[in-house]
Amino acid sequence: MIRGIHLSTRIPQIQKMRKSDHDRAEKTSRWAVEVEKIESSFSNMEIEMRSNGDGISGIQFTVEIDHHVTGQSRISDVQMRMILPDDYPRSLPKVYPVDITIPFDNRAHLYRDREGGVHICLITEEEWTEDCTMAGLMSLASLWIHKYIVWRNEGVWPGFGRSHGNICGKIGGCEHS
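Residues numbered from 1 in each chain as written. Predicted model: local features only at pLDDT ≥ 70, side-chain atom pairs only at ≥ 80, totals over all residues. Heavy atoms only, no water.

**Student:** I'd like to hear about the pairing of strand S3 (residues 77-83), residue by residue, with values.
**Tutor:** It is a general feature of regular strands that their side chains alternate between the two faces of the sheet. Here strand S2 (residues 56-64) pairs with S3 via 7 bridges, running antiparallel. Residue pairing for S3: Thr62 is matched across the bridge by Gln79. Note: S3 against strand S4 (residues 94-97), 4 bridges, orientation antiparallel. Counted as the bridge partner of Ile83 is Lys94 from S4. (Pairing = 2+ DSSP bridges. Helix = DSSP H or I, 4+ residues; strand = E, 2+ residues; numbered from the N terminus.)

Quick look at the structure:
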């Protein structure tokens, strides 16, 4: 787990695109800068990039569970899949748990997509900017899965949370594309 990340900071500054990163992306590519940020932040994490020919369409990564944080030892790691929208980085990617079944419960900071899949709430679309990165969402996904395991075991979401407001405020489900 990445220590020192609080929900109030959302994406860690080091994982955001800075002016120098945007300048490098113009000279090379956004993907090259994104991959560099991922590799520098997660050197020990198992990562698989998915390509659509024009660039990265998604990324699958493994979050190693810190048992001291979650207080359980049944789950040692969790596969997550980030799906990038066609207009990335203008739009927010979706992150799905891959190898564990997470039933929809709006108290667990989840969305249900139009196909019925459950993806996790990491940041709102209003907070997403082109300065946000896949590495930043990977950090938030690691934090989220640890909090989810604690919530599932104890019934209380640990740390700070906030309402999903109009996007996911419907009891029993939400449609979030």
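There is more to say, and it comes next.
**Student:** Explain helix H4 (residues 134-154) to me, and be specific about the residues and the numbers.
**Tutor:** The first and last C-alpha atoms of H4 sit 30 Å apart over 21 residues, in line with the 30 Å expected at 1.5 Å per residue. Counted residue by residue, H4 has 18 buried out of 21 residues, so it is predominantly covered. Directly after H4, the chain includes Gly155, whose backbone phi takes a positive value near 85 degrees. (Expected span 1.5 Å × (residues − 1). Buried < 20%, exposed > 50% of the residue type's maximum accessible area, 1.4 Å probe, protein only.)

**Student:** Now, about the packing of helix H1 (residues 19-27) against helix H2 (residues 30-41): what can you tell me, with residues and values included?
**Tutor:** It is at 7 Å that the axes of H1 and H2 come closest, and there the two elements cross at 130 degrees. On the basis of the axis angle, H1 is oblique to H2. Of the residues in H2, those in contact with Asp21, His22, Arg24 and Ala25 of H1 are Arg30, Val33, Glu36 and Lys37. When its residues are assigned to classes, the contact of H1 with H2 shows 2 nonpolar, 1 polar and 5 charged. (Axes fitted to C-alpha atoms, helices over the stretch in contact; angles between N-to-C directions. Parallel < 35°, antiparallel > 145°, perpendicular 65-115°, else oblique. Contact = heavy atoms within 4.5 Å. Nonpolar A, V, L, I, M, F, W, Y, C, P; charged D, E, K, R; others polar.)

**Student:** I'd like a rundown of the sheet that holds strand S1 (residues 47-51), residues and numbers included.
**Tutor:** Within a sheet, neighbouring strands are paired by backbone hydrogen bonds and run either parallel or antiparallel to one another. On the basis of which strands lie adjacent, the open sheet formed by 4 strands has the order S1-S2-S3-S4 and antiparallel pairing. Each end of this open sheet is capped by a strand with a single partner; those strands are S1 and S4. In this sheet, adjacent strand axes meet at a mean angle of 20 degrees when their direction is disregarded. Packed onto the sheet, H4 meets S1, S2, S3 and S4 and runs at close to 40 degrees relative to S2.

**Student:** Could you give an account of the packing of aromatic side chains, naming the residues involved and the relevant values?
**Tutor:** One pair of aromatic rings is described through two measures. These are the centre distance and the angle between the planes. This model, assessed by the stated rule, comprises 6 aromatic pairs. Aromatic pair Tyr88 and Trp128: ring centres 6.0 Å apart, planes at 45 degrees, arrangement tilted. Taken together, the residues Tyr88 in the loop between S3 and S4 and Trp128 in the loop between strand S6 (118-120) and H4 connect sequence positions 40 residues apart. Classification of Trp128 by relative accessible area gives buried; the value is 7%. A network of ring pairs unites the aromatic residues Trp144, Tyr148, Trp151 and Trp157 as a single cluster. Note that Arg112 overlies the ring of Phe104, its terminal NZ or CZ placed 4.2 Å from the centroid. (Phe/Tyr/Trp six-rings, centres within 6.5 Å; stacked < 30°, edge-to-face > 60°. Lys NZ or Arg CZ within 6 Å of the ring centre and 35° of its normal.)

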